[in-house]
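Coordinate inspection notes
Residue-level listing of the chains:
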Amino acid sequence: MERLKLSTLISEDQIAKRVKEMGAEITKRFKGEELVTVCVLRGAFMFYADLIRSIDTDVSCEFFGCSSYKSTKSTGEVKLTLDLTQPIEGKNVLLVEDIVDTGLTMSYLLKTLKARNPKTLLTAALLFKPEALKTKVDIDFVGFEIAKDYVVGYGLDFEDYYRNLPYVGKVENIN
């Protein structure tokens, strides 16, 4: 495996603080209501675990698996690898993603979930790269806006490595 040269973009403390703030915002929106949270695997799992622990309402957990990357580049094609186990019709749903860059994956997932007729469908993303968007998507709860840099850590990977880092690192040695 190629060793990456990393610089800290977002520290562990910054992430923890912002995730708690996001949890409070989501709690305010859904207090007293049931909420189905959908984790987009695999990159969002760390953010998702921390986020749902910061939400103070009745939360159930679902998982969507999808793939749209080969190495460091988006293929432009989203493949669903794992589907929900329960229906979401008539329910409040929060789709939780690690990073929104091109917007293609988020757009695909939103279209897929909207077709299942949820009561509400909102989105949360730890990272958002507005300069990289190829299709317009609105993210309801954003952790951090970042530049078009390639990042790893806190669930985000390079060839399935670096997910275990407790911070988000900017990769310095990949174009």
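Summarised in this report is the structure supplied together with it. Sequence order as written defines the numbering, with residues in each chain counted from 1. pLDDT decides what is reported in this predicted model: residues at 70 or higher carry local features, side-chain atom pairs at 80 or more are listed and counted, and totals for whole chains, interfaces and linings draw on all residues regardless. No hydrogens and no water enter the side-chain calculation; it runs on all heavy atoms of the structure.

All right, on to the layout of surface pockets then. Over the atoms a probe the size of a water molecule is rolled, and this reveals where empty space is left. Quantified by volume, the second largest pocket comes out at close to 150 Å³. Considering the residues around the second largest pocket, the lining is formed by E12, I15, A16, V19, K20, D50, R53, S54, Y154 and P166. The element that contributes the greatest number of residues to the lining of the second largest pocket is helix 1 (residues 12–30), accounting for 5 residues. Lys, Arg, Asp and Glu make up the charged group, whereas Ala, Val, Leu, Ile, Met, Phe, Trp, Tyr, Cys and Pro make up the nonpolar group; the residues left over, Gly among them, are polar. A class-by-class count of the residues in the lining of the second largest pocket yields 5 nonpolar, 1 polar and 4 charged. Only protein atoms enter the 1 Å grid used here. Points where a 1.4 Å probe fits but cannot escape make up a cavity, open sets with protein on both sides within 12 Å along at least five of seven lines make up a pocket, and a residue lines them when an atom lies within 4 Å of a point. Grid points are joined across faces, edges and corners, and a volume is the space filled by probe spheres set on the points. Strands here are runs of E lasting at least two residues and helices are runs of H or I lasting at least four, both read from the DSSP assignment and numbered beginning at the N terminus.

Between L41 and the following residue, R42, the backbone shows a cis peptide bond with an omega angle of 5°. Here R42 lies in the loop between strand 2 (34–41) and helix 2 (45–53). The backbone of D160 shows a phi angle near 75°, a positive value even though the residue is not glycine. Within the secondary structure layout, D160 lies in the loop between strand 8 (151–152) and strand 9 (168–171). For Y162, which is not glycine, the phi dihedral falls at a positive 80°. Relative to the helices and strands, Y162 resides in the loop between strand 8 and strand 9.

Any aromatic ring pair is given by two values, namely how distant the centres are and how the planes are angled relative to each other. Only rings of Phe, Tyr and Trp enter the pairing, Trp through its six-membered ring, and a pair is recorded when the two centres are within 6.5 Å. The plane angle decides the type: under 30 degrees is stacked, over 60 is edge-to-face, the rest tilted. What the rule picks out here adds up to 2 aromatic pairs. R29 extends its terminal NZ or CZ atom over the ring of F30, reaching a point 4.7 Å from the ring centre. Distance and angle both matter: a charge sits over a ring if NZ of Lys or CZ of Arg is within 6 Å of the ring centre and within 35 degrees of the ring normal.

This paragraph deals with the sheet that holds strand 9. Any two strands with at least two DSSP-identified bridges between them are counted as paired. Across the sheet, 3 strands lie side by side as 1-9-8; this open sheet has antiparallel pairing. Here the strands that pair on one side only, and so sit at the sheet edges, are strand 1 (6–10) and strand 8. Of the strand pairs in this sheet, strand 8 and strand 9 are connected by 2 bridges, and their pairing is antiparallel. Residue V152 lies in a different strand from strand 9, and its bridge partner there is G169.

Okay, helix 2 next. Relative accessibility thresholds used throughout: buried, under 20% of the residue-type maximum; exposed, over 50%; partly exposed, between the two (1.4 Å probe, protein chains only). The complete set of buried residues in helix 2 reads F47, Y48, L51 and I52. The buried residues of helix 2 occupy an angular sector of 120° when the element is viewed end-on, so they sit on one face. Taking the helix axis as origin, the arc is that swept by the directions to the C-beta atoms.

This part is about the pairing of strand 5 (residues 92–100). The buried fraction of strand 5 amounts to 9 of the 9 residues, a majority that puts the element mostly inside the structure. In the sheet, strand 2 pairs with strand 5 via 4 bridges, with the strands oriented parallel. Residue pairing across strands places T37 opposite L94, the latter belonging to strand 5. The pairing of strand 5 with strand 6 (residues 120–128) spans 8 bridges and is parallel. Looking across to strand 6, one finds that V93 is bridged to L121. By definition, the crossover connecting two strands over a helix is right-handed if that path, from the first strand to the second, turns clockwise as seen with the strands pointing away from the viewer. Once the chain exits strand 5 it traverses helix 3 (residues 104–114) before rejoining the sheet at strand 6, and the crossover so formed is right-handed.

Bringing the packing of helix 1 against helix 2 into the picture now. Every angle, taken between N-to-C directions, lies between 0 and 180 degrees, and every axis is a line fitted to C-alpha atoms, over only the stretch in contact when it is a helix. Closest axis-to-axis distance for the helix 1/helix 2 pair is 8 Å, and the angle between their directions is 55°. The angle between the axes of helix 1 and helix 2 places the two elements in the oblique class. The chirality of how helix 1 crosses helix 2 is right-handed. In contact with V19, M22, G23 and I26 of helix 1, helix 2 contributes F47, D50 and L51. Taken together, the residues that form the contact of helix 1 with helix 2 break down as 5 nonpolar, 1 polar and 1 charged. Small angles under 35 degrees read as roughly parallel and large ones over 145 as roughly antiparallel, with 65 to 115 read as roughly perpendicular and the rest as oblique. Should the near helix be turned anticlockwise from the far one by less than a right angle, the crossing is termed left-handed; should it be turned clockwise, right-handed. Whether two residues touch is decided by their heavy atoms; if any such pair falls within 4.5 Å, the residues are in contact.

Read these as layout, nothing more, since geometry by itself doesn't imply function.
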